[in-house]
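A structural walkthrough
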Amino acid sequence: MRILSVVGARPNFMKVAPIHEELLRRGVEARLVHTGQHYDRQMSDVFFRQLGLPEPDAYLGVGSGSHAQQTARVMTEFEPVLLDMAPDLVLTVGDVNSTLACSLVANKLGTPVAHVEAGLRSFDRRMPEEINRILTDQLADFLFVTEESGLVNLRAEGIDEGKVHFVGNVMIDTLVRLQPEAAKLGVLQDFGLDERGFALATLHRPSNVDSLENATALAKILDELSGHLQVVFPMHPRTRASFQRFGLLEKITRSSAITLLEPLGYLEFLALMRSAAIVITDSGGIQEETTFLGVPCLTLRENTERPITLELGTNELLPLDAAAVSARVRAILAGPRRDPSRPPLWDGRAAERIVEVFFTGGVGSEAA
Ligand code: UD1
């Protein structure tokens, strides 16, 4: 059985790592393609090293561009690689442009597609990721679901239930495996932080950072937050570019209570996340990681495709409004820490379940 897994952008690496490892453990011929959607050392290389991912078998080097350019470049670069490697299955994860592009190429060449993290829906089609999710799920032959809402959404979209498998969350597999290593790093000492004495901010959604109005609102939120506690803000390149363009970097660096950092490696970020008093984010995966860790998470978005984090976890949605965020931060800091429960099957064994489905589903055999 030969399976080709695709990674492209930062949130893909921690999802593919445990699956790739499990494929190898089960004797599958596992291949890795990196599209190069994210290409900086801090957005890509450091993850390969820390997650123990091998050098990719192919690197497509597509880089940045408009959605059309980026998606098209991944497609044209991926097609010959797929033809050459001739896998029995292409595995894609998450909702980035590389996910959709490679799923579409594989489907058109008649290669079965597995989509990991299927069925998540924000019901907000202004998000590029939502389009990627919907279309990838239409193309996939194996759909691996992380939470029960995914089952409901796929059923509503008319996806054949025989293709859908509720397996849990592979990103949590990685977190479970690497948490002890993150704990050993001494990151708090390095940054002069106290356990639970700081807020960790990560913001990069186009809807939050690309316009002057919203970026200004974010800067105000961070400024007010720094009146309550130290704020650590590893900046995504998109966010740094916008803040620079709008002259907002000076505003947030004026306060000595805000520490701006370059994007962090997986282990450093995990170490900060597990020790933060509060996480402020607009990311998808971080809503899930904080739920698993029991750390309060304020998500500055109108919706989430991961509703289980609101129902069982520590996540809350808030508008881009400094007064509303400050009020919630004050309440969280003053109140007792909630005891959230962990979502079903977020137990560190999702990759095992996924690979088992490939064996029982006859991938690579004549019958497939
Ligand atoms: C992409 C994903 C998003 C994910 C995010 C995580 C899509 C549609 N979006 O958004 O779902 O949450 O990755 O980071 O696929 N850049 C660099 N170095 C890099 C990569 C990007 O400087 O290594 C800069 C480029 O200027 C680029 C910008 O960041 O224009 C945005 O990168 P891009 O991959 O287009 O989208 P993200 O905003 O990162």
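Everything below is about the structure printed above this text.
Report on the accompanying structure. (Residues numbered from 1 in each chain as written. Predicted model: local features only at pLDDT ≥ 70, side-chain atom pairs only at ≥ 80, totals over all residues. Heavy atoms only, no water.)

1. Concerning the side chain of Gln 37
Within the element layout of this structure, Gln 37 appears in the loop between β2 (29–34) and α2 (41–51). Judged by relative accessible area, Gln 37 falls into the buried class, the value being 9%. One polar contact links Gln 37 to Gln 70, side chain to side chain, over a distance of 3.5 Å. Leave out the neighbours within four places in its chain, and Gln 37 touches Gly 8, Ala 9, Val 62, Gly 63, Gln 70, Val 96, Asn 97 and Ser 98. (Helix = DSSP H or I, 4+ residues; strand = E, 2+ residues; numbered from the N terminus. Buried < 20%, exposed > 50% of the residue type's maximum accessible area, 1.4 Å probe, protein only. Polar contact = N/O pair within 3.5 Å; in protein donor to acceptor, adjacent residues only side chain to side chain. Contact = heavy atoms within 4.5 Å.)

2. Re unusual backbone geometry
With glycine set apart, most residues show a phi of negative sign, and most peptide bonds adopt trans. Phi is positive for Glu 117, which is not a glycine, with a value near 85°. The phi torsion at Arg 196 lies on the positive side, around 60°, for a residue other than glycine. Note that Arg 196 resides in the loop between α8 (187–191) and β8 (198–202). The exposure class assigned to Arg 196 is partly exposed, which follows from its relative accessible area of 34%.

3. A word on the sheet that holds strand β5 (residues 113–118)
Strand order in the open sheet formed by seven strands is β3-β2-β1-β4-β5-β6-β7, with parallel pairing between adjacent strands. Only two strands of the sheet have a single partner each, and these edge strands are β3 (58–59) and β7 (164–166). Most of the contacts of helix α4 (residues 97–108) go to strand β4 (residues 89–93), to which it runs at about 160°, and overall it touches β1 (2–7), β4 and β5. (Pairing = 2+ DSSP bridges. Axes fitted to C-alpha atoms, helices over the stretch in contact; angles between N-to-C directions.)

4. Side note on the environment of Cys 297
One can find Cys 297 in strand β12 (residues 297–299). For the pair formed by Cys 297 and Ile 280, sequence separation is 17 residues and the distance between their alpha carbons is 5.9 Å. In this view, Cys 297 contacts Val 279, Thr 281, Gln 287, Thr 290, Thr 314, Asn 315 and Glu 316; residues no more than four positions away in its chain are not counted.

5. What to know about helix α1 (residues 10–25)
For α1, which comprises 16 residues, the first-to-last C-alpha distance of 24 Å matches the rise-based estimate of 22 Å (1.5 Å per residue) to within 8%. Of all the bends in α1, the largest measures some 35° and sits at Val 16, one to four residues before the proline Pro 18. Those residues of α1 lying buried are Asn 12, Phe 13, Met 14, Lys 15, Val 16, Ala 17, Pro 18, Ile 19, His 20, Glu 22 and Leu 23. Looking one or two residues beyond α1, the residue adopting positive phi is Gly 27, at roughly 80°. (Expected span 1.5 Å × (residues − 1). Bend = angle between axes of the 7 residues up to and from the residue.)

Honestly, that's just the spatial picture; any functional story needs more than this.
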